[in-house]
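The primary structure of each chain is shown beneath.
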Amino acid sequence: MQTRSSTKRIKPFPKLNNGVEDQKKLVLPELGPVVELVDQSFARSLYQDLASDSAIDNFLKSSRFYSLPERRWGLPQDYSKLLDTNHQTPMCNLISGIIRKLWGDAFRHGTRKVVDTHSTELRHSLEDPPTHSSRPSLVIKATGPSFQLPRIKNGKPRTKTGFSNIATCIELQVEGEERPVSEQLAQAAIYARQLFMQQPNRRGAQYTPPLDFDDDPHTFVRIVLGLSSPNEEDIGLDTSIHWRIEDGRKSAKQLLGALRDAIAGHRNLHKRGTLHRDVSPQNVLLGKPGAEPGERGILIDFDMATRCDETGFHPPIDWRIGIPLFQSTQLLYSVDFEDPQKAFAHDHVDDLESFFYILTYIVYTYDSRGNTYPRHELFKEWKSYAGHNAADAKGVYLVSETDVDPIIAPRWPNALLDVFCGFRTFLADLFEDRQHARRMEPEEVLELLEEMASKVDQHYDEVLQMFDTGIQALDNAENESATAKAPLTDLDSVSVQSSSHLKRPREEDPDTHLPTAKRSNFSA
């Protein structure tokens, strides 16, 4: 947003986004060239259903924040006269006034609240370096099914506001102190990346040209309402995706079902020549509760996806694609290749390895009832390394670990742990084959890669069969548990009991009456 400036140039508040240059390196490759928009029709078309012209007119007439005779919002015209030249507070009050009046219940109940964060450190995802943080001018703090308090990082106290419970970030600039459009978009992309990482069922971004909000107050009000809407769909959240915490076996079964169906979806895409290349927890969503097989897990976000070329191979591996904690060993090794063309082609094995690291992260970070645990040393080690050192550390874990870690053994059913160990063994064999290929001559490497490509269906079949076996084992254990808990009664006692109590019709699944709990945050 922009505000009117004074004739006297003022010293802008210093930017306090830690590691901003490193953050730009992560988002700029995805932004592409800047598209300059000049037409306001798109901005004016947004959120038309949230407030009528007459409702906004009534607000403008009665509000102390807008002057109809002057056709301008009641913001200071000379920020140099404000205490510490603070231009956040007037805009914070203005936006709060709009929300208070037009989203009355949401404001009164505290589900949407404007917070001045220009001097508050909002920590980035656990997958980012610990020094990375952002300080947007303002944020709209939110509560609801898709939001939760920020996670504790590096033992620091939990904060009340973070990217996991923010509906919108707002960056303010005083007219005359604007940054170039490319810089503004990069900053917005940094905020969006953190929102997407810490709110896994959120996607989508919109870009409009600069708006003169004095001359067009209706559009400004609607944008504020859209960015603060209590309807989570309005701000880009998929409200059909939530994590249900039920009994332990069902939680484990939902996890295996989600990953299994996401892998199957990955296979279907691969058959059509498309490779995802950015498999991470943020890009695997849980299906609706009780979803049928095939719809229990959804693979999303194809920004980094690629098509195979005329040779049948995909582009060479590029370490800049994806989140390092979930990248394959070969992606991490590619950091050391001065000539990217010497790296292996990115293939299905790399993405399958990423699926395994999702499972690894979840079984170490959560238990089958949704409880969370401090970050395991394994992930701290992987994150502390870079390039071939990180790849070596993951490789050692794949080939050296054969038994279930006693730390996770009590947390998950044996059926899930069997899948976990089988998946690791499967990848360990492929890791050793590829390590051998790294020492081969180029011609021999091509032959080996062609051989591996010829086994793609075999690879998917083997992995999917592991998951199907694990899910079936959980079903069997669930049925045995239900049978064991059934009361033993004689014929007379049965005759006097309600038949609906003793024999529940198939459609009356008791779990359908359980409340939907807030999803566990699977963001890394």
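Residues numbered from 1 in each chain as written. Predicted model: local features only at pLDDT ≥ 70, side-chain atom pairs only at ≥ 80, totals over all residues. Heavy atoms only, no water.

### Regarding the packing of helix α12 (residues 387-400) against helix α13 (residues 414-437)
Operational definition: In this analysis, axes come from line fits to C-alpha atoms, helices being fitted only over the stretch in contact, and the angle between any two N-to-C directions falls in the range 0 to 180 degrees. Every helix listed is a DSSP run of H or I at least four residues long, and every strand listed is a run of E at least two residues long, numbered separately from the N terminus. Crossing handedness: left-handed means the near helix sits turned counterclockwise from the far one by under a right angle, and right-handed means the same turn made clockwise. The contact criterion used is simple: two residues touch if any of their non-hydrogen atoms lie within 4.5 Å. Residue classes follow a fixed rule: Ala, Val, Leu, Ile, Met, Phe, Trp, Tyr, Cys and Pro count as nonpolar, while Asp, Glu, Lys and Arg count as charged, and any other residue, Gly among them, counts as polar.
Direction vectors running N to C along α12 and α13 enclose 120°, while the axes themselves pass 8 Å from each other. In terms of crossing hand, the pair formed by α12 and α13 is left-handed. Facing α12, whose interface residues are Gly395, Tyr397, Leu398 and Val399, α13 presents Phe420, Arg424, Leu427, Ala428, Phe431 and Glu432. Residues of the contact of α12 with α13, tallied by class, amount to seven nonpolar, one polar and two charged.

### Quick word on the confidence of the model for the chain
Spelled out, the test is: Scored from 0 to 100, pLDDT reflects the predictor's confidence in each residue.
Per-residue pLDDT for the chain has a mean of 78; in total, 78% of the residues score no lower than 70. Segment residues 1-16: pLDDT under 50, and 46 contacts once partners within four positions in sequence are set aside and those in other chains are kept. Throughout residues 242-249 the model reports pLDDT below 50, and contacts reaching past four residues in sequence, or to other chains, amount to 37 contacts.

### Structural notes on the side chain of glutamine 173
Keep this limit in mind: By the criterion applied in these results, polar contacts are pairs of N or O atoms within 3.5 Å in which, for protein atoms, one can donate a hydrogen and the other can accept it, and in which residues neighboring in sequence qualify only through two side-chain atoms.
Considering the arrangement of structural elements, one finds glutamine 173 in strand β9 (residues 173-174). At a separation of 2.7 Å, a polar atom in the side chain of glutamine 173 contacts the main-chain amide nitrogen of arginine 179.

### Points about the pairing of strand β8 (residues 166-170)
Operational definition: Burial classification: accessible surface area is computed with a 1.4 Å probe over protein chains only, and a residue below 20% of its type maximum counts as buried, one above 50% as exposed, and the rest as partly exposed. Think of it this way: DSSP has to see at least two bridges between two strands before they count as a pair.
Among the five residues that make up β8, five are buried, leaving the element largely enclosed by the rest of the structure. When strand β7 (residues 138-142) meets β8, the two strands line up antiparallel, connected through four bridges. Along β8, the bridge assignment pairs lysine 141 with isoleucine 166.

### Things to note about the pattern of salt bridges
Condition: The salt bridge criterion pairs a side-chain nitrogen of Lys or Arg with a carboxyl oxygen of Asp or Glu, the two atoms within 4 Å.
Using the criterion set out here, one finds 13 salt bridges in the structure. With a shortest N-O distance of 2.9 Å, arginine 44 and aspartate 216 are connected by a salt bridge. With a gap of 172 residues between them, arginine 44 in helix α2 (residues 41-45) and aspartate 216 in the loop between α6 (181-198) and α7 (217-227) connect regions that are remote in the sequence. A salt bridge links aspartate 461 to arginine 267; its shortest N-O distance comes to 2.8 Å. Residue aspartate 461 is located in helix α15 (residues 456-485), and its partner arginine 267 is located in helix α8 (residues 248-271); the two are separated by 194 residues in the primary sequence. Residue aspartate 461 is classed as partly exposed on the basis of its relative accessible area of 40%. Salt bridges linked by common partners bring Arg260, Asp261, Arg296 and Asp468 together as one network.

### What to know about α6
Stated precisely, the cut-off is as follows: Each residue after the first adds 1.5 Å to the expected span of a helix.
With 18 residues, α6 should reach 26 Å at 1.5 Å per residue; the first-to-last C-alpha distance of 26 Å fits that figure. What α6 keeps buried is the set Ala186, Gln187, Ala189, Ile190, Tyr191, Gln194, Leu195, Phe196, Met197 and Gln198.

### A look at the nonpolar core
What counts here: For this analysis, a nonpolar core means a set of buried residues of the types Ala, Val, Leu, Ile, Met, Phe, Trp, Tyr and Cys, connected via side-chain atoms within 4.5 Å.
With 67 residues, the main nonpolar core has Ile263, Phe355, Trp412, Phe420 and Phe423 as its most contacted residues. Here this core gets 13 residues from one element, more than from any other, and that element is α13. With 34 residues, the next largest nonpolar core counts Ile56, Cys92, Ile99 and Leu237 among its residues.

### Some thoughts on the sheet that holds β8
Backbone-to-backbone hydrogen bonds join strands into a sheet, with any given pair of strands oriented parallel or antiparallel. The sheet built from three strands is open, its strands ordered β4-β7-β8 with antiparallel pairing. Two strands bound the open sheet, and with one partner strand each, they are β4 (112-116) and β8. Put simply, the sheet's adjacent strands are angled 20° from each other on average, direction ignored.

### Considerations on helix α3 (residues 53-62)
For clarity, the threshold we go by: It is the directions from the helix axis to the C-beta atoms that the arc portrays.
Every buried residue belonging to α3 is among Ile56, Phe59 and Leu60, and all of these are buried. For α3, the arc enclosing every buried residue in end-on projection is 95°, short of the 170-degree limit, so these residues lie on one face. Exposed residues pointing more than 90 degrees away from the buried face of α3 are listed as Lys61 and Ser62. Buried residues along α3 sit in contact with β2 (66-67), β3 (72-73), α4 (88-102) and α7.

### Comments concerning unusual backbone geometry
Backbone geometry places arginine 71, a non-glycine residue, at a positive phi of 50°. Here arginine 71 shows up in the loop between β2 and β3. Backbone geometry places arginine 277, a non-glycine residue, at a positive phi of 75°. Along the polypeptide, arginine 277 turns up in the loop between β10 (274-275) and β11 (284-286).

### As for a negative patch on the surface
The condition is simple: To count toward a patch, a residue needs a relative accessible area over 30% and no salt bridge; like charges are then connected within 9 Å, while nonpolar side chains (Val, Leu, Ile, Met, Phe, Trp, Tyr) are connected within 5 Å. Every accessible area reported is derived by Shrake-Rupley at a probe size of 1.4 Å, with residue values counting cover from the shown protein chains alone. For the charge count, each Lys or Arg is scored as positive and each Asp or Glu as negative, with His and the chain ends excluded. Throughout, a charge is located at the NZ atom of Lys, the CZ atom of Arg, the CG atom of Asp or the CD atom of Glu.
On the surface, a cluster of negative charge is made up of Glu441, Glu443, Glu444, Glu447 and Glu450. Judged by relative accessible area, which is 55%, glutamate 443 ranks as exposed.

### Description of the environment of leucine 325
For leucine 325, the location among the structural elements is in the loop between β13 (306-307) and α9 (329-333). On the accessibility criterion, leucine 325 (5% relative accessible area) is buried. C-alpha of leucine 325 to C-alpha of tyrosine 357: the two residues are 32 residues apart in sequence and 7.6 Å apart in space.

### Description of the packing of aromatic side chains
Counted only if it meets this: Paired rings are identified among Phe, Tyr and Trp, the last through its six-membered ring, by centres lying within 6.5 Å, and are further divided according to the angle between planes into stacked (under 30 degrees), edge-to-face (over 60) and tilted (the rest). Throughout this description, the term charge over a ring refers to an Arg CZ or Lys NZ atom that lies within 6 Å of the ring centre and within 35 degrees of the ring normal.
The tally for this structure, following the rule as stated, stands at 13 aromatic pairs. Between phenylalanine 356 and phenylalanine 423, the ring centres sit 5.5 Å apart and the planes meet at 75°, which makes this aromatic pair edge-to-face. With a gap of 67 residues between them, phenylalanine 356 in helix α10 (residues 348-365) and phenylalanine 423 in helix α13 connect regions that are remote in the sequence. By the burial criterion, phenylalanine 356 is buried, and phenylalanine 423 matches it. Geometrically, the ring pair formed by tryptophan 382 and tyrosine 397 is edge-to-face, given 5.7 Å between the ring centres and 75° between the ring planes. With tryptophan 382 in helix α11 (residues 377-384) and tyrosine 397 in helix α12, the pair connects residues that are 15 residues apart, well separated along the chain. The residues tryptophan 382 and tyrosine 397 share a single accessibility class, namely buried. Cluster of aromatic residues (ring-pair linked, three or more members): Phe326, Phe356, Tyr357, Tyr361, Tyr364, Phe379, Trp382, Tyr397, Phe420, Phe423 and Phe467. Its guanidinium or amino end placed over the ring of tyrosine 357, lysine 394 lies 4.2 Å from that ring's centre, counting from NZ or CZ.

### Focus on the environment of isoleucine 298
Examined against the element boundaries, isoleucine 298 turns out to sit in strand β12 (residues 297-299). What makes isoleucine 298 partly exposed here is its relative accessible area of 35%. Sequence-wise, isoleucine 298 and glycine 265 are 33 residues apart; in three dimensions their C-alpha atoms are separated by 7.5 Å.

### Some details on the side chain of histidine 346
Along the chain, the position of histidine 346 falls in the loop between α9 and α10. In this structure histidine 346 touches Leu275, Arg277, His314, Pro315, Pro316, Ile317, Leu331 and Asp351, once residues within four positions along its chain are discounted.

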